[in-house]
Amino acid sequence: MFKDILLGILWAFLVSTLFHFPLTFSWVLLGILFALLPDIDFFVEYFKRGTVGGKTLGAHRMLTHIPLLFVPLGLILFFLFGSAVTLLFALGIIGHFLHDSRGMGYGYRFFYPFDKHFYKFFSDSEGHVSYAARDFLRRWSESEVRTLHQRFGNDNWIRDDWKWHKKHLPALLLKLLAFCAILACLSLLFKALPL
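Keep in mind that what you see is a predicted model, and the values were worked out from it rather than measured.

Peer 1: Sorry if this is basic, but what is going on with the nonpolar core here?
Peer 2: Nonpolar side chains tend to gather and get buried jointly when the protein is soluble and globular. Ranked by internal contacts, the top residues of the largest apolar core, which has 22 residues, are Trp27, Phe34, Phe70, Leu88, Phe89 and Ile93. Contributions of two or more residues to this core are made by helix H1 (2-18), helix H2 (25-36), helix H4 (70-81) and helix H5 (83-100). Sequence-distant contacts of Ile93, defined by excluding residues within four places in its chain, comprise Phe34, Leu37, Pro38 and Phe70. Ranked by size, the runner-up nonpolar core spans 7 residues in total, among them Leu57, Met62, Phe118 and Val145.

What follows is the structure, given as structure tokens:
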């Protein structure tokens, strides 16, 4: 989630620079919202079960982690708000899906409803990160993902992840501050350049 927030800020900066309008707080919030939008299913699962993931494959990465679901929404945004908002939306969604296609978990269904398999980059058959050439792209059926969840799932991963973030909060906030400062400096630089 932290990386998605950073990406949302970055996309807001890039689109405002590309379209030559000021980077406002509300524009940054919109970038963050778009970058987090596919995670709506996280909250659906949490409110339904009181937890997410673990030993059970639930709603998270099943309901709204479907790239094709966002195409009609992008078209609606284009017709209602124009190309800047649509580009911010597209970057947020694509960035989120690229982020979720590696790291922890078993990916998501890239091509649903045409293909119901889960895909993930740089993963061995058990879902661990691997940069071996044979592990560039991994594919699992839904039943295989359910088996992997039962075998390796951590029913306390939200608590454990929260503990990790809490322990590293000062460093994470410093990274966020540095990231925003760099973007602010770049914004000033772009404004000073004759384009």
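Peer 1: Looking at this structure, how should I read the layout of surface pockets?
Peer 2: The gaps left among the atoms become clear once a water-sized probe is rolled over them. Of the volumes computed, that of the largest pocket is approximately 1700 Å³. Met1, Met104, Trp157, Asp161 and His165 are the residues nearest the centre of the largest pocket, which is lined by 50 residues in total. When residues of the lining of the largest pocket are traced back to their parent elements, those giving at least two are H1, helix H3 (40-49), H5, helix H6 (142-152), helix H7 (157-167) and helix H8 (169-192). Among the elements that make up the lining of the largest pocket, the one with the highest residue count is H7 (7 residues). Here the residues of the lining of the largest pocket are counted per class, giving 21 nonpolar, 18 polar and 11 charged.

Peer 1: Hey, could you run me through the pattern of salt bridges in this one?
Peer 2: Opposite charge on two side chains permits pairing when their charged atoms draw close. Taken as a whole and assessed by the stated rule, the structure comprises 5 salt bridges. Between Arg151 and Glu126 there is a salt bridge, and its shortest N-O distance comes to 3.2 Å. Taken together, the residues span a long stretch of sequence, with Arg151 in helix H6 and Glu126 in the loop between strand S1 (118-121) and strand S2 (137-140) at a distance of 25 residues. Judged by its relative accessible area of 52%, Arg151 is exposed. What makes Glu126 partly exposed here is its relative accessible area of 26%. The salt bridge involving Arg146 is made with Glu142; its shortest N-O contact spans 2.7 Å. Taken as a pair, Arg146 and Glu142 lie in helix H6 at a separation of 4 residues, close to a single helical turn.

The rules we used
Residues numbered from 1 in each chain as written. Predicted model: local features only at pLDDT ≥ 70, side-chain atom pairs only at ≥ 80, totals over all residues. Heavy atoms only, no water. Core = buried A, V, L, I, M, F, W, Y, C linked by side-chain atoms within 4.5 Å. Buried < 20%, exposed > 50% of the residue type's maximum accessible area, 1.4 Å probe, protein only. Helix = DSSP H or I, 4+ residues; strand = E, 2+ residues; numbered from the N terminus. Contact = heavy atoms within 4.5 Å. 1 Å grid on protein atoms, 1.4 Å probe; cavity = no way out; pocket = protein on both sides within 12 Å on 5 of 7 lines; lining within 4 Å. Points joined across faces, edges and corners; volume = space filled by probe spheres on them. Nonpolar A, V, L, I, M, F, W, Y, C, P; charged D, E, K, R; others polar. Salt bridge = Lys/Arg side-chain N within 4 Å of Asp/Glu carboxyl O.

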